[in-house]
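Okay, here's what each chain looks like letter by letter:
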Amino acid sequence: MSDSKVLHLVIRRIADWSLWSFFTEVRVIGGEHVPLDGPIIVTATHHNMMIDPAILSSSFPHRRVLHYWSKASLFANPVLSWVLHSSGNIPVDRKSKNRQDLFRGTIEALARGDAVALFPEGTSYTEPRIMQVKDGAAWAALEYTKWAAENGVKGPGVRIIPAAIVYTNKSKYRSSVFGEPVSMDEYKEQFFSDLEGAPRAAAKRLTGAIERELVEATINAPDWDTLYSARMARDLLWEDERSIDLEEFVTISQTLVDLFSYNGRLLPNFSTVRRHLLGYYSLLQSTNLTNSVLSSLPLPPMLSPSHPTPLPSRLLTLSVLIRDTLVALTRLPFFLIPLLLHTPVYVMGRIGARLVEHEEETQAQNKAVFGLLSCMMIYPATFWALWAMLWYTGFGALVAAFTVWAFAYYHNRLINDIYMNLKRVIAAWRVLVGVWAPRRWELSLSALSQYTTPLHRLPMSRPVRIASRRRPSSRRIMRHLLRARGEAVKALAEFLTTLEASGEEKSVIASIHLAKRFGWVEENSPTSLADDGGDSDPVTDARGYRRAREVIAFLRSRGAKIATLDRKIEGDWALSSDEDGTAGESEKDEEDLVWVPSSTSLKQEDD
């Protein structure tokens, strides 16, 4: 860092604190690709508003200061200019037609060996794939390369570092994936050429290279239904969302996306398994439940409405759930004071999310910002209150400061575990109410239809809005949810089993970059880009393939429970196979759920 960036360091420290409390886990992958010094341009994906620059700056390797683009007109005021410069911003004059003037601030920063960061997609958005990457980063890198050559600048040339910010959940886990640096050596000769259109063609080629790197480091689906299907399959194959190594998360997810994207004509039961996965995903979405929570519920084998002695069975079930509830609550007294202290943080975060409830990519930002502002008021107030109780002594100040820090640390260490335990207990009671309720209370199929279609985002050209719908009562929808779970598990098990048994020659369509790693690529005749005047590289119509058995072996090796998938509903609630009546029939058909104890449960009973 060539000069002091005081505000940048302060803001980054605040971002560190905020993100530490907001995200459960942060993983930096490929940090070795980022040079310790020298000019670089970081091109990052942008799906989470202000959270993206915060986490990029907070987790960037070697703690290098990142300089972001800002409008040149903002630097006219001396005070604001100092604030922007001190916080790491550089001016960009977007009105200038001369690119050397346009990127003057960028060139000066790179000449000092600094790191410039930008988001080449232009705006934050929620889409199932990488949208069009703009060519500003390519032009900036090539213009600096040209300027450095004309001015005899020695030292390493500028390199572009692709950075994919991947969220397994936009408010829980994230990883930053840094790709291989892109050198200018392959593009500068064409960019320096005097031929008409050559510089533009070079910039387009470089932009294409940046886009390919970003695509390979992220999850890309052609539509939301495909992404939801793959996500649901992943959740069924890895019931514990923390069991997937974040370094493998993107590759695993993209493999499943490929299976449910392009293989409709190649694979049997393709439409059926997608329909069941989407139905189950939608019902989970409607009930605010997750498959990982359902699969971990403490539901004993005696919980069966069709048990020949239902009253003792249900009383025993109640006693088991009450026991588990009390066990979960026993930890609350030790957590109660930190929880009460942070209650305003959760309240403000919830209010912030509701202000933009139809804009998913803004919710995480508001939760973090509102929560951070609440903490900035709560912690000082708590410190002063404790210090006053200790008569404003020097020792009292140390005790008050340590107590506030201990509360914050203790809260952040335990909140996720306690929250998940409470979610499991609440979900168990909801299931209990749902399966014991009279069947006449169950939603009719016509009323259920609104909950079996996932909520979709609107196209990027319009504001991203999520349609809201009222959460259904547990007693009316829980049977449908459990039925959908059983059907989705069976359909996915049959789909993967058929795929594995299809023979050595069976292949499936795959993303090009995954096909290059695990399969092969078939290329058709190349064509040139018409808008580049024939100066750009030819575009090849290529298609990637992977062996079906190789895909199954890959998933197994990464921990997918394929071998036991078809037995997962053993020990879970599922509708009996001969049940095909409609909701709302007489109460004599109420007991249509059967408990199928797992082999482990049967062995325990025999013992």
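Please refer to the structure higher up on the page.
Residues numbered from 1 in each chain as written. Predicted model: local features only at pLDDT ≥ 70, side-chain atom pairs only at ≥ 80, totals over all residues. Heavy atoms only, no water.

*Asks:* How should a nonpolar patch on the surface be read in this particular structure?
*Replies:* On the surface, a cluster of nonpolar side chains totalling about 450 Å² of accessible area is made up of L74, V79, L80, W82 and V83. One can find L80 in helix α3 (residues 78-86). (Patch = residues over 30% accessible without salt bridge, like charges linked within 9 Å, V, L, I, M, F, W, Y side chains within 5 Å. Areas by Shrake-Rupley, 256 points an atom, 1.4 Å probe, with all protein chains shown as cover. Salt bridge = Lys/Arg side-chain N within 4 Å of Asp/Glu carboxyl O. Helix = DSSP H or I, 4+ residues; strand = E, 2+ residues; numbered from the N terminus.)

*Asks:* Explanation requested: the packing of helix α6 (residues 136-150) against helix α7 (residues 185-192) in the structure shown.
*Replies:* Each pair of packed helices can be described by the angle between their axes along with the distance between the axes. Across the interface, α6 lies against α7 with an axial gap of 10 Å and an inter-helix angle of 75 degrees. Classified by the angle their axes make, α6 and α7 are roughly perpendicular. Taking contact as the criterion, the partners of W139, L142, E143, T145, K146 and A149 in α6 are, on α7, Y187, K188, F191 and F192. Split by residue class, the contact of α6 with α7 holds six nonpolar, one polar and three charged. (Axes fitted to C-alpha atoms, helices over the stretch in contact; angles between N-to-C directions. Parallel < 35°, antiparallel > 145°, perpendicular 65-115°, else oblique. Contact = heavy atoms within 4.5 Å. Nonpolar A, V, L, I, M, F, W, Y, C, P; charged D, E, K, R; others polar.)

*Asks:* I keep staring at helix α10 (residues 246-259) and nothing clicks. Help me out?
*Replies:* Residues spaced three or four apart along an α-helix face the same direction, because each turn holds 3.6 residues. For α10, with 14 residues, the first-to-last C-alpha span of 20 Å sits near the 20 Å given by 1.5 Å per residue. Along α10, 12 of the 14 residues are buried, which leaves the element largely enclosed by surrounding structure. All of the buried residues along α10 are L246, F249, V250, T251, I252, S253, Q254, T255, L256, V257, D258 and L259. The distance from a side-chain oxygen at the start of α10 to the backbone nitrogen of E247 is 3.0 Å, and the residue carrying that oxygen is D245. (Expected span 1.5 Å × (residues − 1). Buried < 20%, exposed > 50% of the residue type's maximum accessible area, 1.4 Å probe, protein only. Polar contact = N/O pair within 3.5 Å; in protein donor to acceptor, adjacent residues only side chain to side chain.)

*Asks:* What is the right way to look at the pattern of salt bridges in this model?
*Replies:* A side chain of one charge can pair with a side chain of the opposite charge if their charged atoms are brought near each other. Tallying each qualifying case throughout the model produces 15 salt bridges. Between R13 and D16 there is a salt bridge; the shortest N-O distance is 3.7 Å. On the criterion of helical spacing, the pair formed by R13 and D16 is a turn pair, its members being three residues apart in helix α1 (residues 6-22). Classification of D16 as buried rests on a relative accessible area of 14%. Between E504 and R549 there is a salt bridge, with its nearest N and O atoms 3.0 Å apart. Taken together, the residues span a long stretch of sequence, with E504 in the loop between α19 (474-500) and β9 (507-510) and R549 in helix α21 (residues 548-557) at a distance of 45 residues. E504 gets classed as exposed once you look at its relative accessible area, which sits at 53%. The exposure class assigned to R549 is partly exposed, which follows from its relative accessible area of 35%.

*Asks:* Sorry, what's going on with the pairing of strand β5 (residues 115-118) here?
*Replies:* One face of the sheet, then the other: side chains in a regular strand alternate in exactly this way. Neither face of β5 is left uncovered, since the one carrying A115 and A117 and the one carrying V116 and L118 both have all their residues buried. Examined bridge by bridge, strand β2 (residues 40-44) and β5 share four bridges and lie parallel to one another. Looking at β5, one finds that T43 is bridged to L118. Of the strand pairs in this sheet, strand β3 (residues 66-71) and β5 are connected by three bridges, and their pairing is parallel. When the sheet's bridge partners are listed, H67 is paired in β5 with V116. (Pairing = 2+ DSSP bridges.)

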